[in-house]
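# Summary of structural features
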Amino acid sequence: MLRLISPLFLAGVIFFTLVGQLARANTIQAETVHFIDAVAEKAIIALTNSNITRPERIRRFRKLLRNNFDVNTIGIFVLGRYARSVSGDERKQYLALFERLIVATYVDHFSKYSEETLVVSEVVTVVGKDIIVNSSLSRPTGGGSVRVDWRVRRNSTGELRIIDVIVEGISMGQTQRAEFGSVISKNGGRVSGLIAELLKMDLPE
């Protein structure tokens, strides 16, 4: 026998479904905010001490990077369309050099930080599974705060990882992608040309 569903019952199902979805969304947002807060705290504690040596700062930064950023995802993204032409051996060599480049680029910046604080202001879920965490970095020396947005995604094991950092609206991933694309283009569209350029640089082991 065909039975009609009560409009009131249907409305109740929809209501509790939406409530459940909202609760899950709030939980995910809270978890992501906690993740970014924890990363910032770890970075401040581990890297801003002016008394530690540069080799020790490199070691600490690399650990922080590997534990909280999806370096492989970022590295492949910045290759853009050229990622499709990378061989297995080239990919492995490139990703190792890319990690060393990130370390070389950012490790010394932390020695210049003093009493800056990161304040998370909002969480915006974007298309797909990525979450953007909006924050601002206050500068006690003056000049106003700096807006920093963190693009976060779960990896294959379900752990949260940062896949991009957007400073004042400028994506670090997109910026690096443009730079790498220019180098690869000048080398006949070969990623091997980019690898050769990276090998010439004084990158920390």
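In terms of nonpolar packing, the biggest core is built from 44 residues, with F61, F69, Y94, F98, W150, V152 and I162 touching the most fellow members. At seven residues, helix α4 (residues 88-106) tops the list of elements feeding residues into this core. Filtering out sequence-adjacent residues up to four positions away, Y94 remains in contact with G75, V78, L79, F180, L194, I195 and L198.

Turning next to the packing of aromatic side chains. This structure, assessed with the given rule, holds three aromatic pairs. Pairing F98 with F180 gives two aromatic rings, centres 6.1 Å apart and planes at 80 degrees, and the pair type is edge-to-face. You can see F98 sitting in helix α4 and its partner F180 sitting in helix α5 (residues 172-186), a full 82 residues away along the chain. What makes F180 buried here is its relative accessible area of 4%. Chaining the aromatic ring pairs together yields one cluster made of Y94, F98 and F180. Across from the ring centre of F77, 4.5 Å away, lies the NZ or CZ of R177, which sits over that ring.

Once that is clear, we can look at the pairing of strand β4 (residues 160-167). The two faces of a sheet get side chains in turn, since along a regular strand they alternate between them. Counting buried residues along β4, seven of its eight residues qualify, which places the element largely inside the surrounding structure. Taken together, the seven bridges between strand β3 (residues 146-154) and β4 define a ladder with antiparallel strand orientation. Residue pairing in the sheet places R154 in a bridge with L160 of β4. The hairpin formed by β3 and β4 contains five residues between the paired strands, and G158 there has a positive phi angle of roughly 90 degrees. Relative to strand β5 (residues 170-171), β4 runs antiparallel, the two sharing two bridges. Across the sheet, residue I166 finds its bridge partner in β5, namely S171. Here β4 folds back onto β5, and the loop between the two strands holds two residues, one of which, E168, carries a positive phi near 50 degrees.

Calculation criteria
Residues numbered from 1 in each chain as written. Predicted model: local features only at pLDDT ≥ 70, side-chain atom pairs only at ≥ 80, totals over all residues. Heavy atoms only, no water. Core = buried A, V, L, I, M, F, W, Y, C linked by side-chain atoms within 4.5 Å. Buried < 20%, exposed > 50% of the residue type's maximum accessible area, 1.4 Å probe, protein only. Helix = DSSP H or I, 4+ residues; strand = E, 2+ residues; numbered from the N terminus. Contact = heavy atoms within 4.5 Å. Phe/Tyr/Trp six-rings, centres within 6.5 Å; stacked < 30°, edge-to-face > 60°. Lys NZ or Arg CZ within 6 Å of the ring centre and 35° of its normal. Pairing = 2+ DSSP bridges.

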